[in-house]
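Residues per chain, in single letters:
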Amino acid sequence: MTKDVFNKGPVIIQVLRLEGGEDPFICAINGRIALDPLCEIEEQLRNEEEFSHGEGLYLYEASYYSGQFGEYGMCEIAPGWELTLLEHNADWMTPVEGEQP
């Protein structure tokens, strides 16, 4: 095969953040990703991400960064997931117009 059938692009993830001390969790993904990296992203969301918009649905683009290593092989910037906030929806409980209850 001359063309790679796997998507090499970023993964889009939807994260639900509730008030009251509940940990944020991934509730939807769009893209190809294994379970282990998905767990890494969820752990990073719990420990590092700031949810400054409050509760609601957050949409992120997740891309893997392979890190940066110096001339002698020492790690200067650790590999990991880069998460870019695309959207926040605070009205996630409001039904979309035209949907059946």
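Residues numbered from 1 in each chain as written. Predicted model: local features only at pLDDT ≥ 70, side-chain atom pairs only at ≥ 80, totals over all residues. Heavy atoms only, no water.

Asker: Now, about the sheet that holds strand 3 (residues 56-65): what can you tell me, with residues and values included?
Answerer: Here we have four strands laid out as an open sheet, ordered 2-1-3-6, and antiparallel in their pairing. Here the strands that pair on one side only, and so sit at the sheet edges, are strand 2 (25-30) and strand 6 (80-89). Strand-to-strand twist in this sheet, taken as the mean axis angle between neighbours without regard to direction, amounts to 30°. Here strand 3 runs beside strand 6; their pairing, made up of nine bridges, is antiparallel. Bridging from a neighbouring strand, Y65 pairs with G80 of strand 6. This element, helix 1 (residues 35-47), spans strand 1 (11-17), strand 2, strand 3 and strand 6 of the sheet and lies at about 65° to strand 6. (Pairing = 2+ DSSP bridges. Helix = DSSP H or I, 4+ residues; strand = E, 2+ residues; numbered from the N terminus. Axes fitted to C-alpha atoms, helices over the stretch in contact; angles between N-to-C directions. Contact = heavy atoms within 4.5 Å.)

Asker: Can you break down the environment of R32 residue by residue, with the values?
Answerer: Along the chain, R32 turns up in the loop between strand 2 and helix 1. Classification of R32 by relative accessible area gives exposed; the value is 54%. Separated by 22 residues in sequence, R32 and P10 place their C-alpha atoms 8.7 Å apart. (Buried < 20%, exposed > 50% of the residue type's maximum accessible area, 1.4 Å probe, protein only.)

Asker: Please provide a residue-by-residue account of the pattern of salt bridges, values included.
Answerer: A complete count under the given rule lists three salt bridges for this structure. Here E42 and R46 are joined by a salt bridge, their closest N and O atoms 3.5 Å apart. Of this pair, E42 and R46 both sit in helix 1, four residues apart, roughly one helical turn. Looking at E42, the relative accessible area reads 17%, which means it is buried. The class for R46 is partly exposed, based on a relative accessible area of 37%. When salt bridges with common partners are traced through the structure, they connect D23, E42, E43 and R46 into a single cluster. (Salt bridge = Lys/Arg side-chain N within 4 Å of Asp/Glu carboxyl O.)

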